[in-house]
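Letter by letter, the chains look like this.
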Amino acid sequence: MSAPTAVRPTEDELQAQFDATIAADRRIEPRDWMPEKYRAGLVRQIAQHAHSEIIGMQPEGDWLLRAPSLRRKAVLLAKVQDEAGHGMYLYSAAETLGADRADLTDKLVTGKQKYSSIFNYPTLTYADCGVIGWLVDGAAICNQVPLCRSSYGPYARAMIRVCKEESFHQRQGYELLMTMMRGTPEQRAMVQDAVDRWWWPSLMMFGPPDDDSPNSAQSMAWGVKRHSNDELRQRFVDMSVPQAAALGVTLPDPELALDETTGRYRFGQIDWTEFKQVISGNGPCNEERITRRRAARDDNAWVTEAATAYAAKHSA
Ligand SMILES: CC(C)(COP(=O)(O)OP(=O)(O)OC[C@H]1O[C@@H](n2cnc3c(N)ncnc32)[C@H](O)[C@@H]1OP(=O)(O)O)[C@@H](O)C(=O)NCCC(=O)NCCSC(=O)Cc1ccccc1
């Protein structure tokens with residue numbers, strides 16, 4: 001008697017299974033069948049996210065040799081290393097979807113893939129490090145906590161640890177700023193100047209407005225993103241206003257006001273022209289960031305080659 005042959009599910013059945021998993025709010029795992037567009041969309045977002053973490057090491061990294069004390073230097077070094085770790089997690093998550101890490105880096109340095117707009121602004125004073133912790137990590141947390149429930153398992157799980165570390169980063173930034181605000185008038189002015197420069201770019205981190213966000217609808221239908229860009233931006237504003245008051249700084253928006261009926265803050269118009277310029281490569285530091293990333297890859301290629309040869313020798 002011949003063994004029964006396994007019946008392969010048809011494409012329609014696989015799609016129905018995928019749809020049912022998404023509808024039941026369960027996770028898609030690497031070995032599960034998934035529509036090609038779901039896979040490509042995830043690689044796009046996860047790769048951009050990974051690139052942001054890696055490029056995001058540069059603005060604060062510029063202050064590693066200039067931090068005002070040994071303690072501040074150790075804290076900053078640990079934070080910048082954490083960002084590298086986040087990048088590695090995220091590249092690993094992209095690899096579970098069949099992406100190749102070297103290929104992703106190549107796409108970053110040749111401008112074929114994006115990274116967050118926020119990292120194209122310069123860190124002019126040490127107060128910028130505090131403001132990055134407070135506002136940039138704060139915005140990242142706001143955006144990433146819902147991603148812990150993203151439909152793709154490896155991405156959602158990576159986000160859990162990343163968010164815990166980002167919360168720590170945010171507190172260290174806020175603590176740094178509180179210390180400066182208790183300092184001299186010059187130090188307080190330095191904090192206010194940094195807030196003035198980083199506030200609007202932080203709001204841009206959440207992406208274009210909902211009616212100009214080509215990826216949102218599909219991404220939300222698939223449970224990759226859980227909230228719209230504007231919804232998360234609003235949450236961030238609502239969270240930041242009382243924090244700014246407690247710190248004693250002013251947010252640079254004359255239209256910022258509490259809407260008594262909704263309990264949420266109304267805010268002014270974001271400069272979307274600036275945003276578009278920055279994400280198309282024309283921000284203040286785009287060229288510097290990519291040049292440095294390319295140099296790091298090329299100058300250290302011998303390390304990668306040696307490690308690859310060593311691993312191959314051992315597995316043989
Ligand atoms: C919300 C969004 C960023 C964009 O929503 P989507 O539905 O995906 O797109 P949507 O259709 O709305 O946009 C149309 C086009 O515009 C692009 N674009 C949009 N916004 C930006 C932008 N701001 N910058 C550059 N590009 C942007 C977008 O990719 C798309 O282009 P494409 O079609 O691909 O060519 C989403 O991808 C997400 O949640 N990502 C995960 C979180 C993440 O990546 N976080 C990074 C910060 S990590 C961090 O900060 C940690 C840290 C802290 C401190 C120090 C160091 C490290």
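Looking at an unreviewed UniProt entry, one finds the protein chain named Ring-1,2-phenylacetyl-CoA epoxidase subunit PaaA, with Klenkia brasiliensis as its source organism.

**Section: the overall build of the protein chain**
Helix and strand content of the protein chain: 13 helices and two strands. Relative to a compact globule of 316 residues, whose C-alpha radius of gyration would be 20 Å, the protein chain shows 22 Å and is just as compact. Overall size of the protein chain, expressed as C-alpha extent along the three principal axes, is 90 × 60 × 30 Å. Here the protein chain holds 316 residues, and 47% of them are scored as buried. Contacts in the protein chain between residues at least 24 apart in sequence constitute 78% of all its contacts with a sequence separation of at least 6. Side chains of the protein chain give 37 positive and 42 negative charges; the mean places of these two sets differ by 5 Å.

**Description of the packing of aromatic side chains**
For any pair of aromatic rings, the description rests on two quantities: the centre-to-centre distance and the angle between the ring planes. Counted according to the given criterion, the structure contains nine aromatic pairs. Relative to Trp-222, the ring of Tyr-38 lies with its centre 5.5 Å away and its plane at 90°, an arrangement referred to as edge-to-face. Here Tyr-38, found in helix H2 (residues 36-55), pairs with Trp-222, found in the loop between helix H9 (216-221) and helix H10 (229-247); they are 184 residues apart in sequence, far enough to count as distant. With respect to class, Tyr-38 is no different from Trp-222; both count as buried. Seen in terms of ring centroids, Phe-206 and Phe-236 are 5.5 Å apart; in terms of plane orientation they differ by 40°. Their pairing is tilted. One end of the pair, Phe-206, is in the loop between helix H8 (185-204) and H9; the other, Phe-236, is in helix H10, and 30 residues separate them in sequence. Side by side, Phe-206 and Phe-236 carry an identical accessibility label, which is buried. Taken together, the aromatic side chains of Phe-18, Trp-33, Tyr-38 and Trp-222 make up a single cluster linked through ring pairs. When the ring centre of Trp-63 is taken as reference, the NZ or CZ atom of Arg-66 above it lies at 3.8 Å.

**Some words on the site of the ligand**
In the vicinity of the ligand, 36 residues are found, and the nearest of them are Arg-44, Gln-48, Lys-114, Ser-213 and Lys-225. Between the ligand and Lys-225 there is a distance of 2.7 Å, counted from an oxygen atom to a side-chain nitrogen or oxygen. Between an oxygen atom of the ligand and a side-chain N or O atom of Asn-229, the distance comes to 2.8 Å. Within the complex, 91% of the 1,100 Å² of free accessible area of the ligand lies under protein.

About the criteria used
Residues numbered from 1 in each chain as written. Predicted model: local features only at pLDDT ≥ 70, side-chain atom pairs only at ≥ 80, totals over all residues. Heavy atoms only, no water. Helix = DSSP H or I, 4+ residues; strand = E, 2+ residues; numbered from the N terminus. Rg over C-alpha atoms; globule rule 2.2 N^0.38 Å. Buried < 20%, exposed > 50% of the residue type's maximum accessible area, 1.4 Å probe, protein only. Contact = heavy atoms within 4.5 Å. Lys, Arg positive; Asp, Glu negative; His and termini not counted. Charge placed at Lys NZ, Arg CZ, Asp CG, Glu CD. Phe/Tyr/Trp six-rings, centres within 6.5 Å; stacked < 30°, edge-to-face > 60°. Lys NZ or Arg CZ within 6 Å of the ring centre and 35° of its normal. Near = heavy atom within 4 Å. Polar contact = N/O pair within 3.5 Å; in protein donor to acceptor, adjacent residues only side chain to side chain. Areas by Shrake-Rupley, 256 points an atom, 1.4 Å probe, with all protein chains shown as cover.

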